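Residues per chain are reported as follows:
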Amino acid sequence: MQERFEMFTVLINRISRDIRRIKNQEMAAYHLRSAHVSCLYYIYSLDGVTSAELCEHCEEDKATISRALDYLEGNGFILRPCEGAKRYKSPLHLTEKGRAVGEQIAERLRSILDAVSHTLTEEERAAFYRSLSAISRSLDTIAQNSEA
């Protein structure tokens, strides 16, 4: 039991850390961090996503997304709607610079996913994602029930 727990947590933490490190290394030339990369990727991929939707897609809180968007706007990657009551629910738009970086991020993610999954068959990959999703849902349920 303990060995299973240790293997699970170590592998999940290692994967998360490696993803963060790859994001940071790949985007260092643009002075972008992991949260910035996620925001740019989703704004590029979903075209017209809002700050509220970014929180859901990035699995981050409002404050983290707000700081990331402030940085991206201040550095010319995105355009945000003018100040107003509905700003958080207004669609975000990429500048030309942001679109170019978003495209680069999407392409790099494709190549990384291809490189990581080349040892898996399509059936193994589908089973892996089904299993990972089931584990995620179960842990989410446990976490929600323990908060109550």
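Residues numbered from 1 in each chain as written. Predicted model: local features only at pLDDT ≥ 70, side-chain atom pairs only at ≥ 80, totals over all residues. Heavy atoms only, no water.

> I tried to follow the pattern of salt bridges on my own but got confused; where do I start?
Any two side chains of opposite charge can pair, on the condition that their charged atoms come close. Enumeration according to the criterion identifies 6 salt bridges in this entry. Between Asp-70 and Arg-80 there is a salt bridge whose closest N-O contact spans 2.6 Å. Here Asp-70 is found in helix H4 (residues 62-74), whereas its partner Arg-80 is found in the loop between strand S1 (78-79) and strand S2 (93-94), with 10 residues between them in sequence. Residue Asp-70 is classed as partly exposed on the basis of its relative accessible area of 42%. (Salt bridge = Lys/Arg side-chain N within 4 Å of Asp/Glu carboxyl O. Helix = DSSP H or I, 4+ residues; strand = E, 2+ residues; numbered from the N terminus. Buried < 20%, exposed > 50% of the residue type's maximum accessible area, 1.4 Å probe, protein only.)

> Please explain the nonpolar core as it appears in this structure.
A general tendency of soluble globular proteins is for nonpolar side chains to be buried together. Counting residues in hydrophobic clusters, the biggest one holds 20 residues, and the most contacted among them are Leu-40, Leu-54 and Leu-69. Within the residue set of this core, elements represented by two or more residues are helix H2 (34-46), helix H3 (51-58), H4 and helix H5 (96-117). (Core = buried A, V, L, I, M, F, W, Y, C linked by side-chain atoms within 4.5 Å.)

> Can you walk me through the packing of aromatic side chains in this structure?
For any two aromatic rings, the description comes down to two numbers: the centre-to-centre distance and the angle of the planes. One pass over the full model with this rule turns up 2 aromatic pairs. Between the aromatic rings of Tyr-41 and Tyr-42, the centroid separation amounts to 5.1 Å while the plane-to-plane angle is 70°, which identifies the pairing as edge-to-face. Accessibility expressed as a relative area gives 27% for Tyr-41, which makes it partly exposed. The class of Tyr-42 is partly exposed, set by a relative accessible area of 23%. When the ring centre of Phe-77 is taken as origin, the NZ or CZ atom of Lys-97, which lies over that ring, is 4.4 Å away. (Phe/Tyr/Trp six-rings, centres within 6.5 Å; stacked < 30°, edge-to-face > 60°. Lys NZ or Arg CZ within 6 Å of the ring centre and 35° of its normal.)

> Would you explain a negative patch on the surface in this entry?
Where like charges cluster on the molecular surface, the negative patch consists of Glu-53, Glu-56, Glu-59, Glu-60, Asp-61, Asp-140 and Glu-147. Looking at the negative patch, the elements that each hand over two or more residues are H3 and helix H6 (122-147). On the secondary structure map, Asp-61 appears in the loop between H3 and H4. (Patch = residues over 30% accessible without salt bridge, like charges linked within 9 Å, V, L, I, M, F, W, Y side chains within 5 Å. Areas by Shrake-Rupley, 256 points an atom, 1.4 Å probe, with all protein chains shown as cover. Lys, Arg positive; Asp, Glu negative; His and termini not counted. Charge placed at Lys NZ, Arg CZ, Asp CG, Glu CD.)

> How should I be thinking about H5 in this particular structure?
Residues spaced three or four apart along an α-helix point in a common direction, a consequence of the helix completing one turn every 3.6 residues. Along its 22 residues, H5 runs 32 Å from first to last C-alpha, staying within 8% of the 32 Å computed at 1.5 Å per residue. Within the span of H5, buried status applies to Gly-98, Val-101, Gly-102, Ile-105, Ala-106, Ile-112 and Ser-117. Along the axis of H5, the buried positions cluster into a sector of 140°, meaning they face one direction only. Facing away from the buried side of H5 by over 90 degrees, the exposed positions are Glu-96 and Asp-114. Close packing links the buried residues of H5 with helix H1 (2-26), H2, S2 and H6. (Expected span 1.5 Å × (residues − 1). Arc of directions from axis to C-beta. Contact = heavy atoms within 4.5 Å.)

Interpretation note: all reported values are geometric properties and have no functional meaning in isolation.
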